[in-house]
Amino acid sequence: AFVEAALVDEFSRALGAANFIVAAVEFPALALARLVGEEPNLNAAEPYLLIETTSDGIALLIIRNLNLYFNHFHSWRSIEEESGLKKISGEDFKTFLLKEIQKVLNFYSSRWGGSISTVVLITSEVSFEMAKIIESNFALKIRNLSNPNFPALAPAWFPVLGSAFRGLVPRSLDNAISLTNAPVQVQYS
């Protein structure tokens, strides 16, 4: 993973000026993968296709062994530009979604062999419609991600919850990727 260092440094300086210590910086997909790992009803040995829709766009992730292995994000603007449209209709979204799911399933199969049998949805507004589209076009089980400790938490907050779970890991054992210029343990020495 990579990010423009100046951007992370700017946020770190601002937080430091407010007397906060930045232990780690991570992207939402990593936090979501961690949240999937906290879901008690998901099998660690099974691969998952995770689909998240937000006001910014749609992300498709591959989770294997409860770790993030693939992340592809499409902004709504990029989808509009790719399709040459000013606004995405329901049919345009369906076409886009089916094409992207097929690409990810093909990528998984060619990269690791086998297949993904479960799609985990993180969405609030289009969950039912997406589930219908996916079920009618693929032989995939559909699950909506939830957390039993926070059943009323809106999906927009799931990446925050996933990052909060990272905060429960002792810093000496935190070996997950960070987009800062120093390992997590350095901030605590």
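See the structure printed just above.
Here the structure is a predicted model, which is why all the values come from computation and not from measurement.

Some words on the pattern of salt bridges
Moving on, step 1. All told, the structure shown has 3 salt bridges when counted by the stated rule.
Moving on, step 2. Where Arg34 meets Glu26, a salt bridge forms, and the shortest distance between an N and an O atom there is 2.9 Å.
Moving on, step 3. Residue classification places Arg34 among the buried residues on the basis of a relative accessible area of 16%.
Moving on, step 4. When its relative accessible area of 18% is taken as the criterion, Glu26 is described as buried.
Moving on, step 5. Put simply, Arg166 and Glu26 hold a salt bridge, and the shortest N to O gap is 2.8 Å. Here Arg166, found in helix α6 (residues 158–167), pairs with Glu26, found in the loop between α1 (5–17) and α2 (28–38); they are 140 residues apart in sequence, far enough to count as distant.
Moving on, step 6. Several salt bridges converge on common partners, so that one network encompasses Glu26, Arg34 and Arg166.

Here we look at α1
Owing to its 3.6 residues per turn, the α-helix aligns residues three or four sequence positions apart on the same side.
Moving on, step 1. In a regular helix each residue adds 1.5 Å, so 13 residues correspond to 18 Å; α1 covers 18 Å between its end C-alpha atoms and thus fits that length.
Moving on, step 2. Immediately downstream of α1, the backbone of Asn19 shows phi near 70°, a positive value.

Observations regarding the nonpolar core
Moving on, step 1. Within the largest apolar cluster, 24 residues are counted, with the highest numbers of intra-cluster contacts made by Leu49, Ile51, Ile58, Leu97, Ile101 and Ile134.
Moving on, step 2. Those elements that provide at least two residues to this core are β1 (48–53), β2 (57–64), α4 (90–112), β4 (118–122) and α5 (127–137).
Moving on, step 3. In contact with Leu97, not counting residues within four places along its chain, are Ile51, Ile58, Met130, Ile133 and Ile134.
Moving on, step 4. Formed by 17 residues, the second largest nonpolar core is a distinct cluster that contains Ala29, Leu32, Val36 and Phe158.

A short note on the side chain of Glu52
Moving on, step 1. Residue placement: Glu52 occurs in strand β1.
Moving on, step 2. Within the buried core, Glu52 has no salt-bridge partner, and the shortest N-O distance to an opposite charge, that of Arg34, equals 13 Å.
Moving on, step 3. Excluding its chain neighbours within four sequence positions, the residues that come into contact with Glu52 are Leu32, Gly57, Ile58, Ala59, Ile122 and Pro159.

Concerning the environment of Thr118
Moving on, step 1. Note that Thr118 resides in strand β4.
Moving on, step 2. Along the sequence, Thr118 and Leu49 sit 69 residues apart, while their C-alpha atoms lie 6.5 Å from each other.
Moving on, step 3. Here Glu46 takes part through its side chain, which lies 2.6 Å from a polar atom of the side chain of Thr118.

Description of the sheet that holds β4
Strand pairs in the sheet, formed through backbone hydrogen bonds, run parallel or antiparallel to each other.
Moving on, step 1. Taking strand neighbours across the sheet as the criterion, the 5 strands line up as β3-β2-β1-β4-β5 in an open arrangement whose pairing is mixed. Every other strand in the sheet has two partners, leaving β3 (67–75) and β5 (141–144) as the edge strands with one partner each. Direction aside, neighbouring strands of the sheet carry axes that sit 20° apart on average.
Moving on, step 2. Of the strand pairs in this sheet, β1 and β2 are connected by 6 bridges, and their pairing is antiparallel. Bridge pairing links Thr53 to Ile58 in β2.
Moving on, step 3. Across the sheet, α4 touches β1, β2 and β3, and the angle it forms with β2 is around 25°.
Moving on, step 4. Across the sheet, α5 touches β1, β4 and β5, and the angle it forms with β4 is around 160°.

Brief notes about the pairing of β3
Remark: a regular strand shows side chains that alternate across the two faces of the sheet.
Moving on, step 1. In this sheet, β3 lies alongside β2 in antiparallel orientation, the contact comprising 8 bridges. Within β3, the residue paired with Ile63 across the bridge is Leu68.
Moving on, step 2. Where β2 hands over to β3, the hairpin turn is made up of 2 residues, of which Asn65 adopts a positive phi near 50°.

Digging into the packing of aromatic side chains
Moving on, step 1. Taken as a whole, this structure holds 5 aromatic pairs when the rule is applied.
Moving on, step 2. With a centroid separation of 4.9 Å and an interplanar angle of 35°, the aromatic rings of Phe70 and Phe107 are classed as tilted. With a gap of 37 residues between them, Phe70 in strand β3 and Phe107 in helix α4 connect regions that are remote in the sequence.
Moving on, step 3. For the pair Trp76 and Phe93, a centre-to-centre distance of 5.9 Å together with 55° between the ring planes defines the contact as tilted. Within this pair, whereas Trp76 is found in helix α3 (residues 76–83), its partner Phe93 is found in helix α4, the two being separated by 17 residues in sequence.
Moving on, step 4. Looking at Phe93, the relative accessible area reads 13%, which means it is buried.
Moving on, step 5. Members of the aromatic cluster, connected to one another through ring pairs, are Tyr69, Phe70, Phe107, Tyr108 and Trp112.
Moving on, step 6. Its end group placed over the ring of Tyr69, Arg64 keeps NZ or CZ at 5.1 Å from the ring centre.

Parameters at a glance
- Residues numbered from 1 in each chain as written.
- Predicted model: local features only at pLDDT ≥ 70, side-chain atom pairs only at ≥ 80, totals over all residues.
- Heavy atoms only, no water.
- Salt bridge = Lys/Arg side-chain N within 4 Å of Asp/Glu carboxyl O.
- Buried < 20%, exposed > 50% of the residue type's maximum accessible area, 1.4 Å probe, protein only.
- Helix = DSSP H or I, 4+ residues; strand = E, 2+ residues; numbered from the N terminus.
- Expected span 1.5 Å × (residues − 1).
- Core = buried A, V, L, I, M, F, W, Y, C linked by side-chain atoms within 4.5 Å.
- Contact = heavy atoms within 4.5 Å.
- Lys, Arg positive; Asp, Glu negative; His and termini not counted.
- Polar contact = N/O pair within 3.5 Å; in protein donor to acceptor, adjacent residues only side chain to side chain.
- Pairing = 2+ DSSP bridges.
- Axes fitted to C-alpha atoms, helices over the stretch in contact; angles between N-to-C directions.
- Phe/Tyr/Trp six-rings, centres within 6.5 Å; stacked < 30°, edge-to-face > 60°.
- Lys NZ or Arg CZ within 6 Å of the ring centre and 35° of its normal.

Distances and angles like these do not, on their own, reveal function.
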